[in-house]
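Below are the chains, spelled out letter by letter.
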Amino acid sequence: MTEQPAHPEQPQVPEHVDVLIVGAGLSGIGAACHLEDRLPGTSYLVVEARERMGGTWDLFRYPGVRSDSDMFTLGYRFRPWTDDKAIADGPAILDYVRETARERGVEQRIRYGLRVERAEWSTEDATWTVHCSRGGEPVVVTCGFLWSCSGYYRYDEGYRPELAGVEEFTGAGGTVVHPQHWPEDLDYTGKRVVVVGSGATAVTLVPAMAMGEGAAAHVTMLQRSPTYILALPGIDKIAVRLRELLPPKAAYAVTRWKQILVTTGSYQLARRRPELMKKLIRKGVRSQLPEGYDVDTHFKPAYDPWDQRLCLVPDGDLFASIRHGNVDVVTDHIDTFTATGIRLASGRELEADVVVTATGLNLLAFGGIDLVVDGEDVHLPDTMAYKGMLLSGVPNFAYVIGYTNASWTLKADLVSEYVCRLLEHLQSRRLDVVVAEKDATIPEEPFMDFASGYVQRSLHLLPKQGASEPWRLRQNYLRDALTIRRGGIEDGALRFSRAGSRESSTA
């Protein structure tokens, strides 16, 4: 991976663009590429708070960072993933994003170091006035359509629960780090490491720190409760064979649909036959672990598969590190940190030199932007999500939030296609404004039906979803591909108008 330079000197931001995209990560670059392809005359900018492209894949620098789903669906629909690895490392994904931006001419449309703080909509002018800051200095840009592609968690702060006694541990020379802010100079070679957590980050970190050059002496994965973990091949042999037989785009399309169908099928099986899926997962785990290993204590969750996201381990690397002997899993609760490590609720002591708190993320809707519509602050919990991409009562605004049961980019691509169709609809009818209008008779439900802690901690801060279409947030790509990609724009829930008109009507 080649390091992308920072951009301290940049052209002045234009006064007005048709579309302003917030975020230069996987979603934002994809959105810009769709605009380039489908609406080539549209003026747009991508504003990025950080000094580099790539979002998550540039932020996370912890050992072994990789995708938590296959790259044939995490990759863009319009640009084949051609690497042999199905589960790719972070630097490879970052290169893929940057190369896509370069090939599509998006690079020159990105303005770095611009943090969007507030966006004010005027119906009279059909315009968003977007207030940004760069190095403490205010920067204002206006746009006709605002598109949030900033993900849904805080970049500046990961979630860390209260850790009793942590000062005693660090005061005695111990090191505590969060994966979201990994120190470049952290040397754990030959040290005792405890990774607190059992999610995707933890199961990535443990084998990465335990194996290879510079490995720790011993790594313990300390979890309060188990997670469902699946071992998958790191290289998809079918994909490799298809590339030998078909042109790149055709091979990618076939492989992508294969993965979509397999993922959708396994999810549906898990929801309809959870006990069968539990048995299949348990059988796979047991086959990877030493004879007599206590599978039920450490790898038998109390919830059903896909109540939380399943964790993937390429080529079973987590299980291989356990078999190797320098990794163990402990299922217990932390009582307190001590000068030499962690004392557990059971009374057991875990000696440690380094503790990694892989305890999750903090959600932050739309990058924390304050939205204002005609002088009124938008209170997100009062809004309802339309097709998981627009907000009721907020004109000319879209956002990208991916699936919880499949690759993020599957939904991101669909949102981009829909937004382009929506903009085409406005242009062809010489309209300026579109807004989703909530039906007061539709019962409200939480934005996400997902048991993961980072979601449950923040549901009260998020919009609602509705109990019926088109307000229902579905986790089904096959259905969304039909309704979002092919469905009509005018469905009675969207209202269209021209600038200066507060009276909405169907176009």
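To be clear, the structure that these remarks concern was listed above.
Keep in mind it's a predicted model, so treat the numbers as computed, not measured.

Focus on the packing of helix H8 (residues 248-272) against helix H9 (residues 274-288)
Two quantities define a packed helix pair, namely the angle between the helix axes and the distance between the axes.
Working step 1: Interaxial distance between H8 and H9 falls to 5 Å at its minimum, and their mutual angle equals 120 degrees. Relative to H9, the element H8 lies oblique. In this structure, H8 uses Ser 266, Leu 269, Ala 270, Arg 271 and Arg 272 to contact H9, whose residues at the interface are Pro 274, Leu 276, Met 277 and Leu 280.
Working step 2: Per-class residue counts for the contact of H8 with H9 are six nonpolar, one polar and two charged.

Describing empty space enclosed by the protein
Working step 1: What the rule picks out here adds up to five cavities of 30 Å³ or more.
Working step 2: Volume-wise, the largest cavity comes out at about 100 Å³.
Working step 3: Contributing to the lining of the largest cavity are Ile 260, Thr 263, Thr 264, Tyr 267, Gln 268, Tyr 403, Asn 405, Ala 406, Leu 410, Gln 475, Asn 476 and Tyr 477.

Section: the environment of Tyr 188
Working step 1: Mapped onto the elements, Tyr 188 comes out in the loop between strand E8 (175-177) and strand E9 (192-196).
Working step 2: In this structure the C-alpha to C-alpha distance between Tyr 188 and Val 355, which are 167 residues apart in sequence, comes to 10 Å.
Working step 3: Excluding its chain neighbours within four sequence positions, the residues that come into contact with Tyr 188 are Pro 63, Trp 182, Val 193, Ala 208, Met 209, Gly 214, Ala 215 and Ala 216.

Structural notes on the sheet that holds strand E14 (residues 334-337)
Working step 1: Pairing in this open sheet of three strands is antiparallel, and the strands run E14-E15-E16 from one edge to the other. Of all strands in the sheet, those with a lone pairing partner are E14 and strand E16 (349-351), marking the two edges. The average undirected angle you get between the axes of adjacent strands in this sheet is 25 degrees.
Working step 2: Pairing analysis gives three bridges linking E14 to strand E15 (residues 341-344), with the strands arranged antiparallel. If you follow Thr 336 over to E15, its bridge partner there is Arg 343.

Brief notes about H9
Working step 1: Taking 1.5 Å of rise per residue, the 15 residues of H9 would be expected to cover 21 Å, and the 21 Å separating its terminal C-alpha atoms lies within 8% of that figure.
Working step 2: Where H9 is concerned, the buried positions are Pro 274, Met 277, Ile 281 and Val 285. Down the axis of H9, the sector holding all buried residues measures 70 degrees, keeping them to one side. The exposed residues of H9 that point more than 90 degrees off its buried face are Lys 279, Lys 283 and Ser 287.
Working step 3: The secondary structure elements touched by the buried residues of H9 are strand E11 (229-232), H8, helix H10 (295-298) and helix H11 (317-324).

How each quantity is defined
Residues numbered from 1 in each chain as written. Predicted model: local features only at pLDDT ≥ 70, side-chain atom pairs only at ≥ 80, totals over all residues. Heavy atoms only, no water. Axes fitted to C-alpha atoms, helices over the stretch in contact; angles between N-to-C directions. Helix = DSSP H or I, 4+ residues; strand = E, 2+ residues; numbered from the N terminus. Parallel < 35°, antiparallel > 145°, perpendicular 65-115°, else oblique. Contact = heavy atoms within 4.5 Å. Nonpolar A, V, L, I, M, F, W, Y, C, P; charged D, E, K, R; others polar. 1 Å grid on protein atoms, 1.4 Å probe; cavity = no way out; pocket = protein on both sides within 12 Å on 5 of 7 lines; lining within 4 Å. Points joined across faces, edges and corners; volume = space filled by probe spheres on them. Pairing = 2+ DSSP bridges. Expected span 1.5 Å × (residues − 1). Buried < 20%, exposed > 50% of the residue type's maximum accessible area, 1.4 Å probe, protein only. Arc of directions from axis to C-beta.

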